Amino acid sequence: EAQLQRHFSLICLSHGRFRSTVASTQRDEVEGGKEKQVDECTVVKAAQADLIIQSKNTTDAQTQKIEIDFDNTHEAYKSKDNIELLRSLLVFKLCTFDFLVDKNKELMDLSKKVFGQRLFERLMKMTFYGQFVAGEDHNSIKPLIHKNQAFGVGSVLDYSVEEDLTQEEKKYKAHRQFGDRRGGVISARTYFYADEAKCDNQMETFLNCIKASGGASVDGFSAIKMTALGRPQFLLQFSEVLVKWRRFFILLAAQQGKSGMDALEQKLELEQLKESLTKLGVGNKDDIENWFTGEKLGSSGTIDLLDWNSLINDRTSISNLLVIPNVETGQLEPLLRKFTVEEEKQMKRMLQRVDVLAKHAVENGVRLMVDAEQTYFQPAISRLTLEMQRIFNREKPIIFNTYQCYLKEAYDNVSVDVELSRREGWYFGAKLVRGAYMYQERSRAEEIGYEDPINPDYEATNRMYHKCLEFVLEEIDHNRKANVMVASHNEDTVKFTLEKMNQMGLSPTENKVYFGQLLGMCDQISFPLGQAGFPVYKYVPYGPVNEVIPYLSRRALENRGFMKGSQRERSLLWMELKRRLLSGQILYKPVY
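Worth saying up front: this structure is predicted, and the values here are computed from it rather than measured. (Residues numbered from 1 in each chain as written. Predicted model: local features only at pLDDT ≥ 70, side-chain atom pairs only at ≥ 80, totals over all residues. Heavy atoms only, no water.)

### A word on the pairing of strand β4 (residues 221-224)
Part 1 of the reasoning: The two faces of β4 match: Phe-221 and Ala-223 on one face and Ser-222 and Ile-224 on the other face are all buried.
Part 2 of the reasoning: Sheet topology places strand β3 (residues 153-159) next to β4; 2 bridges connect them, and they run parallel. Following the sheet pairing, Val-156 is matched in β4 by Phe-221.
Part 3 of the reasoning: The pairing of β4 with strand β9 (residues 367-370) spans 4 bridges and is parallel. Looking at the pairing, Ile-224 lines up with Val-370 of β9. (Buried < 20%, exposed > 50% of the residue type's maximum accessible area, 1.4 Å probe, protein only. Helix = DSSP H or I, 4+ residues; strand = E, 2+ residues; numbered from the N terminus. Pairing = 2+ DSSP bridges.)

Shown next as structure tokens:
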């Protein structure tokens, strides 16, 4: 309860410290170019990767090199029978036809009417549902989870039932800049706020998923989305506060000639900062002096971003007094408007749900993966996730934050959060993804008139992903307290990670670096890694056939995007089928 109250106080800006990841205006310079699908199975020349694995026969630091061949179809598909390989080929081929993909929902509705519910469900289980969904409930998914585990692949469980709501079904009037959260999203689940009872039901769903993760596999993960647990408008407002405060720091840094630097390199001269704040009318000289002396900041003569974030603190009453310049207009305005009594209750209930989920994850031996969402929610989501990490990641990594590397600010977000974990001594846990909201984010930026937050092309996103990944790997090499999941379908990224681990002498048995792919996609990456001893996980959706139709619809759209750009996976599937037929393995069954 005390921990929960601390959470609540932080969000209300009346207690606790503010040290968080927020949206940065820092931009990476990238080359222009043609935009590509954000995350795909790219066409690469398969090559052997030399890796380091800790020898199990010795207790010293000796290591032995092993090799992984991503062209080895026998290893990649040994967990699949021939029917499963044929199903994969059929589904991936269907995903290349524009008409079938664009009209997939209408075609599924028509099929349901023509064939009837029972036959429709059987047809779906033979095709898309069988390819991308593990089963209908936590009991039916256990055989697949145990089979994957036998071949070295773990699970991130995700109960994929979702509401297929129309735009008119929102129960609250959104901020003008809130926009539609569902349009244009093809590769991530989105939620709409209905009411508090709905949020409670969604929390129960996540609790069941956590329990299923704990019962179905060892050291499993469970995925959650913050927007399912409370009113998104609160996340939007909270994010705006964090963004305003960060932009104010950027403005002050520019006045000291320190623009264009990485976030942690921007250190403001304290005396010059005090003068600037006084001139801007943010507060009188004595108040501003008390802000810094009361927090015991600036003893080195400088203030960095983490120090700046910690300034919002009730001991100096800064949250009540603070006005800051609007970056666009230059006019002073309050940092935070007052929340109503009902809004404060909604915030408290949201934080209670988050706290309950984290505690259940610890009790069930499950790690919690907090999914990333749109940029206008993400600062608040990251802030809440960091608070969970501060509490629950003291002894080992339980809570993992997600970083979207298609964002221009991704490196600043990662580096700031890693530095916070260093200073406070908790375990940093991250999942790195390329991103799922590219088209939606771009259209919203154009409509409302702010700078596009997305990197200009796929190559720029790749560079950002590798830059963030290398930073976290170096942190792991430095103190072994950071942990990262490389959630990617890109072979080049996986090979980049393996090469870095080799250079650092980082053994896969240390369980500091994980790999992740979606169920039904890129098995030629997941299973060879798992069989070589690397911690690798499939993102495993489950739920009743009828209720996971929106998820299947997205999978079809997403597959169409990368299958048009690459035939590699289909080629490997054909290669393995031919190998089995020529070797007389017509009735091949996995042995485990």
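### Observations regarding the confidence of the model for the protein
Part 1 of the reasoning: Averaged over every residue, the pLDDT of the protein is 78; the share at 70 or more is 73%.
Part 2 of the reasoning: Note that pLDDT drops below 50 for residues 10-47; the model gives that stretch 149 contacts with residues more than four away or on any other chain.
Part 3 of the reasoning: Note that pLDDT drops below 50 for residues 313-321; the model gives that stretch 19 contacts with residues more than four away or on any other chain. (pLDDT = per-residue confidence, 0-100. Contact = heavy atoms within 4.5 Å.)

### Quick word on unusual backbone geometry
Excluding glycine, a negative phi dihedral is what most residues carry, and trans is how most peptide bonds are arranged.
Part 1 of the reasoning: Although it is not a glycine, Arg-480 sits at a positive phi angle of roughly 60°.
Part 2 of the reasoning: Its location among the elements puts Arg-480 in the loop between α19 (458-479) and β12 (483-487).

### Notes on the pairing of β3
Taken residue by residue, a regular strand's side chains alternate between the two faces of the sheet.
Part 1 of the reasoning: Where burial is concerned, most of β3 is hidden: 6 out of the 7 residues are buried.
Part 2 of the reasoning: By the bridge criterion, 7 bridges tie β3 to strand β14 (residues 536-542) in an arrangement that is parallel. Across the sheet, the residue bridging to Leu-157 is Val-540, located in β14.

### Digging into the packing of aromatic side chains
Part 1 of the reasoning: Applying the stated rule across the entire model yields 14 aromatic pairs.
Part 2 of the reasoning: Centre to centre, the rings of Phe-248 and Trp-308 are 5.6 Å apart; their planes meet at 70°, and the pair counts as edge-to-face. Residue Phe-248 is located in helix α10 (residues 232-255), and its partner Trp-308 is located in helix α13 (residues 305-309); the two are separated by 60 residues in the primary sequence.
Part 3 of the reasoning: Of the residues examined, Phe-248 reaches a relative accessible area of 1% and is grouped as buried.
Part 4 of the reasoning: According to the relative accessible area criterion, Trp-308 is buried, its value standing at 1%. (Phe/Tyr/Trp six-rings, centres within 6.5 Å; stacked < 30°, edge-to-face > 60°.)

### Re the state of the cysteines
When the sulfur atoms of two cysteines share a covalent bond, that bond is a disulfide.
Part 1 of the reasoning: Enumeration according to the criterion identifies 0 disulfides in this entry.
Part 2 of the reasoning: Free cysteine Cys-468: the closest other cysteine sulfur is in Cys-405, separated by 4.1 Å. (Disulfide = S-S within 2.5 Å.)

### Focus on the pattern of salt bridges
Part 1 of the reasoning: In total, this model carries 29 salt bridges according to the counting rule given.
Part 2 of the reasoning: We note a salt bridge from Asp-355 to Lys-359, for which the minimum N-O separation is 3.0 Å. A residue pair is termed a helical-turn pair when its members lie 3 or 4 positions apart in one helix, as Asp-355 and Lys-359 do in helix α15 (residues 341-363) at 4 residues.
Part 3 of the reasoning: With a relative accessible area of 31%, Lys-359 lands in the partly exposed category. (Salt bridge = Lys/Arg side-chain N within 4 Å of Asp/Glu carboxyl O.)

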